[in-house]
Amino acid sequence: DLIIFSKLKLTALDDFNLDKKTSKYEVHKHIIDLFLKDKTFFARKIYGSYSIVIVNKVSNTITAVCDHMNSTQVYFRITHDSVLIASDPRKISTTIDEDVLRKFLTYMDVESDKTFFLDVRKIKRSHILHIGQKNISTNKYYSFPNDKKTRFKNDGDYAQKFKELFSSSILSQMKLCNQDI
């Protein structure tokens, strides 16, 4: 008994054939299949802009995930008897966390999962949040590869590679904008 909530703008989903006629039900069914195969790293096979929350009514657990760029964020608050999850932190709390605000104004930085709202946290990019009856955990499911060193012979080769990457990025974003699932 799984319930799925999502905000999706996908470019690809594992080996599933996505097109404009693909229903949200079909996409959700495939995401749940991926989740059931690998609850920790299923998001590695989802490409695009997304946030997903899966509620398992049988095990009384919640799994939430954001894409690796955190373009659609998920906020949460856990109390002794409830879990609140939303795409807008103001739906969970309107009380300002003065300590976080003070640190931000002093250091221009906020810890990666903190928000300006009291007791409201956000899922870090590239992380999956698992909430069980007695435990809470996060797992990083994606890291940008940094082991590749690019060395070109001259500035023109760097400029050419930049143009290729920039064009590829623009095309990818254009596909994302046209494929709103």
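Our subject is the structure listed above.
Residues numbered from 1 in each chain as written. Predicted model: local features only at pLDDT ≥ 70, side-chain atom pairs only at ≥ 80, totals over all residues. Heavy atoms only, no water.

> Requested: an account of unusual backbone geometry, with residues and values cited.
Notably, Met108 is not glycine yet its phi reads approximately 55°, a positive angle. On the secondary structure map, Met108 appears in the loop between helix H2 (98-107) and strand E6 (121-122). For Met108, a relative accessible area of 60% corresponds to the exposed category. Backbone geometry at Ser126 places phi at a positive 65°, although glycine is not the residue there. If you trace the backbone, Ser126 turns up in the loop between E6 and strand E7 (127-131). (Helix = DSSP H or I, 4+ residues; strand = E, 2+ residues; numbered from the N terminus. Buried < 20%, exposed > 50% of the residue type's maximum accessible area, 1.4 Å probe, protein only.)

> Break down the nonpolar core for me, with residues and values.
Counting 19 residues, the largest nonpolar core has Ile31, Phe42, Ile46, Tyr50 and Ile52 as its most contacted members. Looking at this core, the elements that each hand over two or more residues are strand E1 (2-13), helix H1 (24-37) and strand E2 (46-56). For this core, the element with the most residues is H1, which contributes five residues. Filtering out sequence-adjacent residues up to four positions away, Tyr50 remains in contact with Lys7, Leu8, Leu10, Ala43, Val65, Cys66, Asp67, Ser71, Thr72 and Tyr141. The next biggest cluster of nonpolar side chains, apart from the first, holds nine residues, and it includes Val53, Cys66, Ile123 and Ile131. (Core = buried A, V, L, I, M, F, W, Y, C linked by side-chain atoms within 4.5 Å. Contact = heavy atoms within 4.5 Å.)

> Can you explain the packing of aromatic side chains? Please cite residues and give values.
Think of a pair of aromatic rings as described by two things: how far the centres are apart, and how the planes are tilted against each other in angle. Throughout the structure, instances matching the rule amount to four aromatic pairs. For the ring pair Phe104 and Phe116, a centre distance of 5.3 Å and an interplane angle of 80° mean the geometry is edge-to-face. A residue pair is termed long-range when its members are at least 10 positions apart, and Phe104 in helix H2 and Phe116 in the loop between H2 and E6 qualify at 12 residues. When the ring of Phe162 is compared with that of Phe166, the centres are 5.8 Å apart and the planes differ by 15°; the resulting orientation is stacked. Of this pair, Phe162 and Phe166 are both found in helix H3 (residues 155-178), four residues apart, which corresponds to roughly one turn of the helix. A relative accessible area of 48% places Phe166 in the partly exposed class. Stacked on the ring of Phe35, the Lys or Arg Lys39 has its end atom at 5.2 Å from the ring centre. Here Arg44 stacks its cationic end above the ring of Phe41, 4.1 Å away from the centre of that ring. (Phe/Tyr/Trp six-rings, centres within 6.5 Å; stacked < 30°, edge-to-face > 60°. Lys NZ or Arg CZ within 6 Å of the ring centre and 35° of its normal.)

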